Amino acid sequence: MADEQELTPGATVSRCQKCRVGWVPLRLLCPRCGYDVLLPEKVHEAVVEQTTCVRHSAGAENWTPRHLASVRTTENQVLIVGLDGPVKDGTRVKLYERGMAMFGKAQ
Amino acid sequence: MQPAIIGFAEKKNTRQLEPGADVYTYLRDVIAAALRDAGLMPADVDGLGVFSFYMGPDKAVDLAFRLGLKLNWVVEATHGGASAINTLGHALRALDAGAAKVIVVVAGDVRGFGPSRAPGMASYSRSRRDYLVPLGYGGPNSLFAMLTQRQMQAHGLTREDYGRVVIAQRAWAAGSANATYRSPLTMEEYLAAEPVADPLTRFDCPPACSGASALVLAAADRCPRGRAPIHIRAIRECYNYDNHEGDGLRTGLSTIAADLWNAAGVGPGDMHLANLYDDYPAMILAQLNDLKIIPDGDLKGFIRDKIATREFPVNTSGGLLSGGQAGGAGAQLGTVEMVRQLQHRAGDNQVTSARFGVSTGYGQVIYRYGAAAAAAVFERGVMRI
């Protein structure tokens, strides 16, 4: 995971201003109610559901293993996040982001 | 006019490109070969469907120009693994509507092996570029590694179960002249393979390669004598079927299967074979389940009793997993093999008396799994004498 100084707390969802559902990836219309005003809001916690270690990437030079997880937020969004290292399924993580990429850090 | 597939050609998949070859020569070669197979000349062609990830900056009309084709109808697909069925559907409707009389549907790519591959991954879509590439996700392998874990948990599957699927396809590849990997694979070799993204190993991931294929569609009575035209009884497609709110264990096929079979007038039990988009073993099983070819949802039993025994032939060319993933041509691999089988031209791999078959496309991985899915039901027509 990148240096924590580079990360900002929370992961951005696009929140429908009518039905209040938050979406990732960001949407233009709310898939649930069709409303066209969605604003960015942060979610901060999630639970790890699956993890993987990416040990090989075709064509990549000097590849080092990366740890990724599929996590479910407290609002039920499922996100793909980068991790510092291996964690067990069920681990609670705090969410961060750099740009739009999301990262999880075990609490 | 009853439209049908009346000819095809496929270039052997390879990871060793011959000197002077590029994506354009690949597309040219299969178009020329497919027209010869159909007994037609380039001047007969008035419609062209194209899908290729790496053909840029040229577009379909540029390709037509370089081939000297004067067209009344052209389409270019950008739907990942669902592009072949999508384009086939467009072509059938165009023939039916009289927009064209002879359409070539061509797919192909010359894949980069090395750092040159990276820009393609980064620019595949906005979501993947912004959310996944900065994580070093290494392409879809990591996403389907986690999806595979979900399927293992939901259906009680083991690594050995997936191994049986992969080994069965490798056995089909042994009889397929165009497959990249044709040597037999044992369970010991499968289980000992180098890991790619846990729990996937290299045999669970389709090897990138170069390849191309083309289909010729026209009125069935233009099929060469001694050959059977191949009819498409139904095509259905589905895009963004669940708004990415699910777990990816069901594909869009689950929302169109009933309508597909109803429109086809035959059911999953009537199929003699299935050629499914097999970017990963888990997705073969998900699609079979969605299509109700696995009638009771018992994935483990179907692998053991039907796939491993060849009682129900699946991916008879070896699929992407053994045949190789040749970009756009990978999307058309199953359809080309279906035509080969239903025209009874599959040699050692011929499924006896094959009359009906189903092919699928799956892909356009937006974030966690594929958002595009399509299926077509094919039937062998009456041979022209």
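So, a few notes on the structure that sits alongside this text.

## With respect to the overall build of chain B
A count of helices and strands for chain B gives 13 helices and 11 strands. Here the C-alpha atoms of chain B give a radius of gyration of 19 Å, agreeing with the 21 Å that 2.2 N^0.38 yields for 385 residues. The principal-axis extents of the C-alpha atoms in chain B amount to approximately 55 × 45 × 40 Å. Put simply, chain B has 385 residues, and 64% of those count as buried.

## Looking at the nonpolar core
Of all hydrophobic cores here, the largest spans 88 residues; its most connected members are A:V71, A:L79, A:L95, B:F144, B:L288, B:L291 and B:I307. Not counting residues up to four positions away in its chain, the partners in contact with B:L288 are B:L276, B:I293, B:I294, B:F302, B:I307, B:F312 and B:V314. Counting 36 residues, the second largest nonpolar core, distinct from the first, contains B:V75, B:I232, B:L273 and B:F378.

## Considering the packing of aromatic side chains
On inspection of all chains with the given rule, the structure shows 5 aromatic pairs over all chains. Note on B:Y131 and B:Y367: the rings are 5.5 Å apart at their centroids and 65° apart in plane angle, and the pair reads as edge-to-face. Of the two residues, B:Y131 is situated in helix α5 (residues 126-132) and B:Y367 in the loop between β10 (356-365) and β11 (370-380); the sequence distance between them amounts to 236 residues. Geometrically, the ring pair formed by B:F144 and B:Y362 is edge-to-face, given 6.3 Å between the ring centres and 80° between the ring planes. Of this pair, B:F144 sits in helix α6 (residues 140-155) while B:Y362 sits in strand β10, and the two are 218 residues apart along the sequence. Since its relative accessible area comes to 1%, B:F144 is described here as buried. A relative accessible area of 1% means that B:Y362 is categorised as buried. A network of ring pairs unites the aromatic residues B:F144, B:Y280 and B:Y362 as a single cluster. For the cation-ring pair, A:R66 lies above A:W63, with the distance from its terminal atom to the ring centre recorded as 4.1 Å.

## A closer look at the interface of chain B and chain A
The interface is formed by 27 residues belonging to chain B together with 33 residues belonging to chain A. For the chain B and chain A pair, buried surface summed over both sides reaches about 2600 Å², with 58% attributable to carbon and sulfur atoms. It is B:Y131, B:L135 and B:M146 that lose the most area in chain B upon contact with chain A, and together they represent 26% of the buried surface on that side. Connecting chain B to chain A are 2 salt bridges. B:E245 is paired through a salt bridge with A:R32; the nearest N and O atoms lie 2.5 Å apart. The interface formed by chain B and chain A includes 11 residue pairs in polar contact (both at pLDDT 80 or more).

## Section: the pattern of salt bridges
In the structure shown here, the tally under the stated rule is 30 salt bridges over all chains. For B:K306, the salt bridge is made with B:E311, and the minimal N-O distance between the two is 2.8 Å. A salt bridge links B:E379 to B:R355; the nearest nitrogen and oxygen atoms lie 2.7 Å apart. One end of the pair, B:E379, is in strand β11; the other, B:R355, is in the loop between α13 (328-342) and β10, with 24 residues separating them in the sequence. The class of B:E379 is buried, set by a relative accessible area of 12%. For B:R355, a relative accessible area of 41% corresponds to the partly exposed category. Salt bridges sharing partners connect three or more residues here, namely A:R15, A:R20, A:E41 and A:E75.

Thresholds, definitions, all that
- Residues numbered from 1 in each chain as written.
- Chains lettered and ligands numbered in written order.
- Predicted model: local features only at pLDDT ≥ 70, side-chain atom pairs only at ≥ 80, totals over all residues.
- Heavy atoms only, no water.
- Helix = DSSP H or I, 4+ residues; strand = E, 2+ residues; numbered from the N terminus.
- Rg over C-alpha atoms; globule rule 2.2 N^0.38 Å.
- Buried < 20%, exposed > 50% of the residue type's maximum accessible area, 1.4 Å probe, protein only.
- Core = buried A, V, L, I, M, F, W, Y, C linked by side-chain atoms within 4.5 Å.
- Contact = heavy atoms within 4.5 Å.
- Phe/Tyr/Trp six-rings, centres within 6.5 Å; stacked < 30°, edge-to-face > 60°.
- Lys NZ or Arg CZ within 6 Å of the ring centre and 35° of its normal.
- Buried area = accessible area lost by both parts, 1.4 Å probe.
- Salt bridge = Lys/Arg side-chain N within 4 Å of Asp/Glu carboxyl O.
- Polar contact = N/O pair within 3.5 Å; in protein donor to acceptor, adjacent residues only side chain to side chain.

Any link to function would need more than the numbers given here.
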